[in-house]
Amino acid sequence: MMKITNRLPKSIYAAVDMNHIKNPEKVICALSKQLKSVYVSYGDGKNECHYFPCSGRENNWVDILSAFNEANYKGRCIYESHWLIATRHCTSNIFQL
């Protein structure tokens, strides 16, 4: 992906869909300067989960939020999630971050 991205003009930016990436923190770091928007959701790299952040076990949200911070990301975050799962899980887990 980076080989392709590095060949594009710097005026072309990236949008990342975290639902389809096993380690989104790596992509956020790699694309930091080109990153314009992120479709934020829990993903396991295999399935269409669309769970709210902090709902699953595969994503490390501390690493993901640290990657956003290191990239100095100021772009948009777009969320799609199942609201019942968000209500049950993330409300308590987000305070641990």
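Treat the numbers as computed from the prediction; the structure is a model and nothing was measured.

Caption draft 1: Broad picture of the overall build of the protein. Scanning the protein from terminus to terminus reveals four helices and three strands. Walking the protein from its N terminus toward its C terminus, one meets helices and strands in the order α-β-α-β-α-β-α. Within the protein, the fraction of its 97 residues that count as buried is 37%. Put simply, 59% of the contacts in the protein that link residues at least 6 apart link residues at least 24 apart. Accessible area for the protein stands at about 6,600 Å²; split by element, carbon and sulfur atoms hold 53% of it.

Caption draft 2: Up close: the nonpolar core. One finds Val 16, Met 18, Ile 28, Val 38, Trp 61 and Phe 68 to be the most contacted residues of the largest nonpolar core, which totals 19 residues. In terms of residue count, helix H3 (residues 61–70) provides more of this core than any other element does, four residues in total. Val 38 has contacts with Val 16, Met 18, Phe 68, Tyr 73, Arg 76, Cys 77 and Ile 78, leaving out every residue within four places of it along the chain.

Caption draft 3: Geometry of the environment of Asn 69. Topologically, Asn 69 is positioned in helix H3. Considering only alpha carbons, one finds Asn 69 and Cys 29, 40 residues apart in sequence, at a separation of 9.5 Å.

Caption draft 4: Region of the structure containing the sheet that holds strand E3 (residues 76–79). Strands sit in the order E1-E2-E3 across an open sheet of three strands; the sheet is parallel. Of all the strands in the sheet, just strand E1 (14–17) and E3 have a single pairing partner and so form its edges. Across the sheet, the mean angle from the axis of one strand to that of its neighbour is 15°, orientation sign disregarded.

Caption draft 5: Expanded view of a nonpolar patch on the surface. A cluster of nonpolar residues, Ile 4, Leu 8 and Ile 12, forms a patch on the protein surface that exposes about 270 Å² of accessible area. By secondary structure assignment, the location of Ile 12 is in the loop between helix H1 (2–7) and E1.

Caption draft 6: Inspection of the pairing of E1 at higher detail. On E1, burial follows the alternation: Ala 14 and Val 16 on one face are buried, whereas Ala 15 and Asp 17 on the facing-out side are not. Relative to strand E2 (residues 35–40), E1 runs parallel, the two being bridged by four bridges. Opposite Asp 17, over in E2, you have Tyr 39 as the bridge partner. What joins E1 to E2 is helix H2 (residues 24–30), and the crossover it makes is right-handed.

Caption draft 7: Quick peek at unusual backbone geometry. Unusually for a residue other than glycine, Asn 72 sits at a positive phi of about 55°. Following the sequence through the fold, Asn 72 ends up in the loop between H3 and E3.

About the cut-offs
- Residues numbered from 1 in each chain as written.
- Predicted model: local features only at pLDDT ≥ 70, side-chain atom pairs only at ≥ 80, totals over all residues.
- Heavy atoms only, no water.
- Helix = DSSP H or I, 4+ residues; strand = E, 2+ residues; numbered from the N terminus.
- Buried < 20%, exposed > 50% of the residue type's maximum accessible area, 1.4 Å probe, protein only.
- Contact = heavy atoms within 4.5 Å.
- Areas by Shrake-Rupley, 256 points an atom, 1.4 Å probe, with all protein chains shown as cover.
- Core = buried A, V, L, I, M, F, W, Y, C linked by side-chain atoms within 4.5 Å.
- Pairing = 2+ DSSP bridges.
- Axes fitted to C-alpha atoms, helices over the stretch in contact; angles between N-to-C directions.
- Patch = residues over 30% accessible without salt bridge, like charges linked within 9 Å, V, L, I, M, F, W, Y side chains within 5 Å.
- Salt bridge = Lys/Arg side-chain N within 4 Å of Asp/Glu carboxyl O.
- Right-handed = clockwise from strand over helix to strand, strands pointing away.

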